[in-house]
Amino acid sequence: MSDQSAVKSSGLASPAESAAYLAEKLRFHTDAADLASDLYARHPEIIALDTRSAEAYERGHIPSAISFPHRFMDEASTAQLDRSKVYVCYCDGIGCNGSTWGSYKLAKLGFTVKELIGGLDFWQRDGLPIAIGEEAGVLVGGRIECDC
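The text that follows walks through the structure, step by step, so that each part is easy to find.

Cut-offs applied
- Residues numbered from 1 in each chain as written.
- Predicted model: local features only at pLDDT ≥ 70, side-chain atom pairs only at ≥ 80, totals over all residues.
- Heavy atoms only, no water.
- Helix = DSSP H or I, 4+ residues; strand = E, 2+ residues; numbered from the N terminus.
- Buried < 20%, exposed > 50% of the residue type's maximum accessible area, 1.4 Å probe, protein only.
- Contact = heavy atoms within 4.5 Å.
- Pairing = 2+ DSSP bridges.
- Axes fitted to C-alpha atoms, helices over the stretch in contact; angles between N-to-C directions.
- Phe/Tyr/Trp six-rings, centres within 6.5 Å; stacked < 30°, edge-to-face > 60°.
- Lys NZ or Arg CZ within 6 Å of the ring centre and 35° of its normal.
- Polar contact = N/O pair within 3.5 Å; in protein donor to acceptor, adjacent residues only side chain to side chain.
- Core = buried A, V, L, I, M, F, W, Y, C linked by side-chain atoms within 4.5 Å.
- Salt bridge = Lys/Arg side-chain N within 4 Å of Asp/Glu carboxyl O.

## Some words on the environment of Val-138
Here comes step 1: Here Val-138 lies in the segment after α5 (119–125).
Here comes step 2: On the basis of relative accessible area, Val-138 is assigned to the exposed category, the value being 52%.
Here comes step 3: Residues Val-138 and Ala-107, 31 residues apart in the sequence, show an inter-C-alpha distance of 26 Å.
Here comes step 4: Those residues in contact with Val-138, other than ones at most four positions away along the chain, are Arg-42, Pro-63 and Ser-64.

## Let's talk about the sheet that holds strand β5 (residues 112–116)
Hydrogen bonding along the main chain pairs the strands of a sheet, whether they run parallel or antiparallel.
Here comes step 1: Taken in spatial order, the five strands of this open sheet run β1-β5-β4-β2-β3, and their pairing is parallel. Each edge of the open sheet carries a strand with a single partner, namely β1 (29–30) and β3 (66–67).
Here comes step 2: Across five bridges, the pairing between strand β2 (residues 46–50) and strand β4 (residues 86–90) is parallel. Each bridged residue has a counterpart across the sheet, and for Asp-50 the counterpart in β4 is Tyr-90.
Here comes step 3: In this fold helix α2 (residues 32–40) packs onto β1, β2, β4 and β5, with an angle of close to 125° to the strand it touches most, β2.

## Quick notes on the packing of aromatic side chains
Here comes step 1: Following the criterion strictly, the structure yields two aromatic pairs and no others.
Here comes step 2: Judged by centre distance (6.0 Å) and plane angle (75°), the ring pair of Trp-101 and Tyr-104 falls under edge-to-face. One end of the pair, Trp-101, and the other, Tyr-104, are both in helix α4 (residues 98–108), three residues apart, so they sit about a helical turn from each other.
Here comes step 3: The exposure class assigned to Trp-101 is partly exposed, which follows from its relative accessible area of 40%.
Here comes step 4: Just above the ring of Phe-111 sits the side chain of Arg-83; from NZ or CZ to the centre is 4.1 Å.

## Describing the side chain of Ser-103
Here comes step 1: Relative to the elements of secondary structure, Ser-103 occurs in helix α4.
Here comes step 2: Taking the relative accessible area as the measure of exposure, Ser-103 reaches 8% and is therefore buried.
Here comes step 3: Looking at Ser-103, its side chain comes within polar contact range of the main-chain oxygen of Ser-99, at 2.8 Å.
Here comes step 4: Discounting residues that sit within four places of it in the chain, Ser-103 has contacts with Cys-89, Val-113, Lys-114 and Glu-115.

## With respect to the nonpolar core
Here comes step 1: If you look at the biggest cluster of nonpolar residues, it comprises 17 residues, and the most contacted ones within it are Leu-35, Leu-39, Ile-62, Tyr-90 and Trp-123.
Here comes step 2: Every element with two or more residues in this core is listed here: α2, β2, β4 and α5.
Here comes step 3: Here this core gets five residues from one element, more than from any other, and that element is α2.
Here comes step 4: Among the nonpolar cores identified, the runner-up in size contains ten residues, and Ile-47, Met-73, Leu-106 and Phe-111 belong to it.

## Some remarks on the pattern of salt bridges
Here comes step 1: Considering all chains together, one arrives at five salt bridges under this definition.
Here comes step 2: When the shortest N-O distance is used, the salt bridge between Arg-27 and Glu-24 registers 2.7 Å. Placement of the pair is Arg-27 and Glu-24 together in helix α1 (residues 15–28), with a separation of three residues, close to one helical turn.
Here comes step 3: A relative accessible area of 34% means that Glu-24 is categorised as partly exposed.
Here comes step 4: A salt bridge links Arg-52 to Asp-92; the nearest nitrogen and oxygen atoms lie 3.0 Å apart.

Structure below.
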């Protein structure tokens, strides 16, 4: 057994450095519980954006989410989006980068964005419902409690 800690072998950030880094990280991402809480509360400025294909959206999506495949995002196709909103982009999950592409493209075009950690996969792992079909649906229910 080594006397050297594997955890400490790469160095440690100071508490202030950690706080600054983690605060910055939170500005770019949100999780399923926080998004669900805002959707349940019907915060009008929060828009869930499904960046997968239209076919994937129809198989199952976050209720109230808008289908907007990232491959079709450009200046012309985003003209109808409200720039005062916050767009939370998601895709299938950690094996998919559609939410990253969507967030990147929208941010480059001047939109305020966050990326949903874990996408639809983590949404469902948290026991949250999905909507099936072309219609966005509505998330109904109550307050979300997170064990995180």
